[in-house]
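# Understanding the architecture of this molecule
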Amino acid sequence: MTTSQTTAAVSNPRPSSQWLITLVGVALLIIGCFLSWSYVPALLGNLSVNFFPGAIQIFMIIVGVLGLFFLLLRKGLFPGAHKLLDSARGLRALSVTAAAFMVLVVIVIGLQAPGLANADPGVFVTLVGALAMVAGSFRMPSDPTVDPITVHLPSWVEILVIVAMLTVVLFGAAYALGQEDGTVFSLFLLFLAGLVVALARAGLFSWFGVIAQRNRRVIMLGAFAVAFLFPFTQNGSDANMSIATQVLIFATTALGLNIVVGLAGLLDLGYIAFLGAGAYVSAMMSHSAFANIGWKPPFLVVVIISAIVSSALGLIIGSPTLRVSGDYLAIVTLAFGEIFRLTVNNLDGNNGPDLTNGPNGIPGIPELEIGSFNFGDTHNVLGIPLGRFANYYFLLLVVAAIIITVFTRLNNSRIGRGWVAIREDEKAAEAMGVNVFGLKLFAFAGGAFLAGMAGSIKAHQDVSVTPDQYIFLESAFLLAAIVLGGMGTVAGVLVGATVLKLLPEKLRFVADYRLLTFGLLLVLMMRFRPEGLVPSQRRALEFHEDDADLAERIEDAHIEAVTPMEGRA
Amino acid sequence: MTTSAPERPAAAAPTGSPVLEATGVVMRFGGLTAVNNVDLRVNQGEIVGLIGPNGAGKTTFFNCLTGMYKPTEGQVKFEGTVLPPKPRAVVQAGMARTFQNIRLFANMTALENVMVGRYCRTSAMALTSIVRGPKFRREEEATRARAQELLNFVGLGRTSEHLARNLPYGDQRRLEIARALATDPKLILLDEPTAGMNPKETEEAKQLIFRIRDMGLAVVVIEHDMRFIFSLCDRVLCLVRGETLIEGSPHVVQSDPRVIEAYIGKPDEDELEEEAAKEDHA
Ligand SMILES: Nc1ncnc2c1ncn2[C@@H]1O[C@H](COP(=O)(O)OP(=O)(O)OP(=O)(O)O)[C@@H](O)[C@H]1O
Ligand SMILES: [Mg+2]
């Protein structure tokens, strides 16, 4: 058989020494996790019970099981799997994760127990196991035959993989949100990052990228289902839903900004002002005692008006500035953000009309009511209570779905191609008949429209609007979410927004030194991955103009993803 | 190679009628007059060559014709109407170009590059694109089909999904031509379409230009390769230091001593001039 010949090089039936060392390491790692790590029960969750692993011990068991899986792949567990996954690279990343994780755990025990005298042997068994994995896996040869993007599996398997990934994401997010202990949360992040890196290095994600392109609709629906189900996992607890709602409104706004920044390539430093404009319009038309506009139309009308006001501002700012070259826009939008803040700060009746109530803002905005559905009430669905935040969460989910639809559909259309052409070479685009100014203005005003829409909901969810909610720093955070997550992708922005909102909520340190940590994070991103965590392929190419290998790889993956469709057509 | 000729672009004027009439075009950059009072008339179905030594102002003249520069003086008439100096209006009117230093959208696929060229001949706006009704899908499908057809026409049919930046040099030049053709031009301006090509590719490029002409388009081509120009063009215009030196049939231009002189230069005369310039400065 020919397959056995090609695999022979990799799956040598006689186990090599490094394979055995790694196996022993994995075994020790897992065994250690079933023993007590420290007899102080209050530490790191409870790690003091033998044969009953605590949370962070379960992380290591997962690492161990995955390591075992990689090891078995090298022995030919599945025929053909050697093309899909480079097990050696995966094992290396896993073992480094495990070692770093265990060193940290030992340090934490030393500091918090306090003293290493309080450590039980189990922690050292696992540590030694992790070190053995490092020793073994780093001498393991990589597999040159790996070529994940050419692997074709039946489409039901592909969909199963997507469903599995999304399920993992749902449980991961629920777990991370529910985690009270900052140290455990940090360790969880380390574990998660290590897992992602291991799978990426093994080549799973380049394969996943191809099947994701092929099954785009399944992913969209699946992700939406996961997000929809999330409140049902919270048992009516408001603590997490409040954070989730904040994440969602931040992500929704960032998605709108990503149309401007990521797709059209315009640097907008005052985007928060468009959100603010929407929020203020909505607040002024609400039933708040401090609202100064007498007309109180139904909320759906208010949403439209807020969006229109925002986009009108966008048109006013955009039409003179978008004709001149790029840098001016950044400065003008920066100034616009300040003007907006100062204006709402001053429209208090003393100088100019009494519209915004000045620095006090507009408090006491009542809960939203659409039809007879009041967003402040708790509703029971299938016996699961869904409180105030869950209500807003669902509404925001709908808005996010609208923005995502707008985003992806525009991106894959004549307009989207025009934007790419403008980003690539504005002069050439113009010479080929692309309406450069019109497309830029459309992106700018359209982004403002979406921000206005989100803002009108935010006003109700926040109960009050004040000028200091809409300061430059917020625009900067929105941009940071995009840069971190990835310009021009939906998934990237969702990841970026989640990280930036969740970290300060869960880690005191990040909350206290928010600017410092975000700044460092961005510097590191610029240095090592300027295209963001989940970049669009095109953006990755733009950031690596000289990387011929990358261009080849992306081209191959693209051809792989489009070929079957054309074959069918 | 598939050579299915794309359908002829919109209402073709009777052969021989002028498509482009540029009169008295002057382009000054500060004190430098890059193009000085140049006239050019291009008839339908004609291939006109534009030659001249480096820095003669050929590319600048193209930029004036296509609205990328606003000429200091003179006017550009296309099919009887004066064109505003706006690239988009020029493309809309039916004049497309390629660039001397290739200016493709490097990170787009070949097909997407050509599809961008269709921009000005399609109309899907925001709401249409978001709602995606049958009209949108029909237009998108037609755009794709036409782009693929043009790629086949220039001989890039099988590399449609390749990134423009990954294509070999000669293919990039042909892709630029396909992209320009996608705008349904009546006149196409080619700026050194064979620069960097080997003899075989150059010959293919010549055949391609003939096929473009046979579709009913007028062609203006800048080239330094004299054999290429004289075997291709119906008429040749030679620019020297921004001014028209001579215009006529390839045979006439080829045998004119001043053309040879302009390219090779009369060493002693050049030196004299340089000395004169030095004296002027002093
Ligand atoms: N934007 C500009 N600003 C100032 N000077 C310019 C500009 N564009 C061109 N020139 C000058 O105009 C003259 C003509 O340049 P042009 O590029 O048109 O020459 P060309 O005939 O195309 O030469 P080549 O055969 O080398 O391409 C040159 O002296 C050039 O330096
Ligand atoms: Mg030139």
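Residues numbered from 1 in each chain as written. Chains lettered and ligands numbered in written order. Predicted model: local features only at pLDDT ≥ 70, side-chain atom pairs only at ≥ 80, totals over all residues. Heavy atoms only, no water.

### Some points on the overall build of chain A
Each helix and strand in chain A was counted, giving 24 helices and 4 strands. Expected size for 569 residues packed as a compact globule is a radius of gyration near 25 Å; at 26 Å, chain A falls within 12% of this value. Projected onto the principal axes, the alpha-carbon positions of chain A cover approximately 85 × 60 × 45 Å. Put simply, of all contacts in chain A between residues at least 6 apart along the chain, 75% involve residues at least 24 apart. Across chain A, 32 positive and 36 negative side-chain charges occur, with their mean positions spaced 6 Å apart. (Helix = DSSP H or I, 4+ residues; strand = E, 2+ residues; numbered from the N terminus. Rg over C-alpha atoms; globule rule 2.2 N^0.38 Å. Contact = heavy atoms within 4.5 Å. Lys, Arg positive; Asp, Glu negative; His and termini not counted. Charge placed at Lys NZ, Arg CZ, Asp CG, Glu CD.)

### Digging into the sheet that holds strand 2 (residues 32–43) of chain B
Residues and elements named next belong to chain B. Strand order across the open sheet formed by 4 strands is 2-1-4-5, with antiparallel pairing between neighbours. Edge positions in the sheet fall to strand 2 and strand 5 (81–82), since each has one partner strand and no second. Relative to strand 5, strand 4 (residues 73–78) is paired through 2 bridges, and the arrangement is antiparallel. Bridged to K77 within strand 5 is V82. (Pairing = 2+ DSSP bridges.)

### Overview of the site of ligand 1
All names here are of chain B. Residues in contact with ligand 1 amount to 14 residues; listed here are only the nearest, N54, K58, T59, T60 and H224. Within the side chain of T60, one N or O atom sits 2.5 Å away from an oxygen atom of ligand 1. Within the side chain of Q100, one N or O atom sits 2.8 Å away from an oxygen atom of ligand 1. Surface burial for ligand 1 is 64%, taken as the share of its 640 Å² of free accessible area covered by protein chains. Mapped onto the shell around ligand 1, the elements with two or more residues apiece are strand 2 and helix 1 (58–65). The greatest single-element share of the shell around ligand 1, amounting to 3 residues, is contributed by helix 1. Residue composition of the shell around ligand 1, grouped by class: 5 nonpolar, 7 polar and 2 charged. (Near = heavy atom within 4 Å. Polar contact = N/O pair within 3.5 Å; in protein donor to acceptor, adjacent residues only side chain to side chain. Areas by Shrake-Rupley, 256 points an atom, 1.4 Å probe, with all protein chains shown as cover. Nonpolar A, V, L, I, M, F, W, Y, C, P; charged D, E, K, R; others polar.)

### Quick look at the domain arrangement of chain A
All names here are of chain A. Each domain of chain A was delimited in the assignment, giving domain 1 (3–227), domain 2 (238–532) and domain 3 (536–569). Averaged C-alpha coordinates put domain 1 and domain 3 at centres separated by 29 Å. Regarding the contact of domain 1 and domain 3, the summed buried area is about 560 Å², with carbon and sulfur atoms giving 62% of it. Among the residues of domain 1 in contact with domain 3, I149, Q213 and R214 are the three that bury the most area, contributing 70% of the side total. Where domain 1 touches domain 3, the interface holds 0 salt bridges. Run the count over domain 1 and domain 3 and you get 0 residue pairs in polar contact (both at pLDDT 80 or more). Residue composition of the side of domain 1 that touches domain 3, grouped by class: 2 nonpolar, 3 polar and 1 charged. (Domains from an automatic or database assignment. Buried area = accessible area lost by both parts, 1.4 Å probe. Salt bridge = Lys/Arg side-chain N within 4 Å of Asp/Glu carboxyl O.)

### With respect to the coordination of the magnesium ion (ligand 2)
All names here are of chain B. Here the magnesium ion (ligand 2) is held by T59 (OG1) and Q100 (OE1), and the distances to it run 1.8 to 2.1 Å. Taken together, the positions of T59 in helix 1 and Q100 in the loop between strand 6 (95–97) and helix 3 (110–117) put the pair 41 residues apart, joining distant regions of the chain. What makes Q100 partly exposed here is its relative accessible area of 32%. (Donors = N, O, S within 2.8 Å, 3.2 Å for Na, K, Ca; no water. Buried < 20%, exposed > 50% of the residue type's maximum accessible area, 1.4 Å probe, protein only.)

### A closer look at the pattern of salt bridges
By the definition in use, this model includes 25 salt bridges over all chains. Put simply, E426 of chain A and K440 of chain A hold a salt bridge, and the shortest N to O gap is 3.3 Å. Taken together, the residues E426 of chain A in helix 17 (residues 426–431) and K440 of chain A in helix 18 (residues 436–462) connect sequence positions 14 residues apart. Here the salt bridges share partners, and the residues they tie into one network are R118, R146, E149 and D184 of chain B.

### Observations regarding the side chain of S282 of chain A
Residue and element names in this part refer to chain A. Along the chain, S282 falls in helix 12 (residues 271–284). A distance of 3.5 Å separates a polar atom in the side chain of S282 from a polar atom in the side chain of H460. In this view, S282 contacts F299, V302, S306, S456, A459 and H460; residues no more than four positions away in its chain are not counted.

### Observations regarding helix 7 (residues 155–178) of chain A
Residues and elements named next belong to chain A. Here helix 7 contains 24 residues, and its C-alpha end-to-end distance of 35 Å stays within 8% of the 34 Å for a straight helix at 1.5 Å per residue. Listed as buried for helix 7 are V157, E158, I162, L166, L170, G172, A174, A176 and L177. Elements in contact with the buried residues of helix 7: helix 8 (182–201), helix 9 (204–214), helix 10 (216–229), helix 11 (238–263) and helix 20 (490–506). (Expected span 1.5 Å × (residues − 1).)

### Things to note about the confidence of the model for chain A
Residue and element names in this part refer to chain A. Here chain A averages 85 in pLDDT, and 96% of its residues register 70 or above. When pLDDT is averaged over each helix and strand of chain A, the minimum, 41, is found for helix 1 (residues 2–8) and the maximum, 94, for helix 16 (residues 414–424). Below a pLDDT of 50 lies the segment residues 1–11, which in the model reaches 6 contacts outside its immediate sequence neighbourhood of four places, other chains included. Across residues 565–569 the pLDDT falls below 50, and counting only partners more than four positions away or on other chains, this stretch makes 1 contact in the model. (pLDDT = per-residue confidence, 0-100.)

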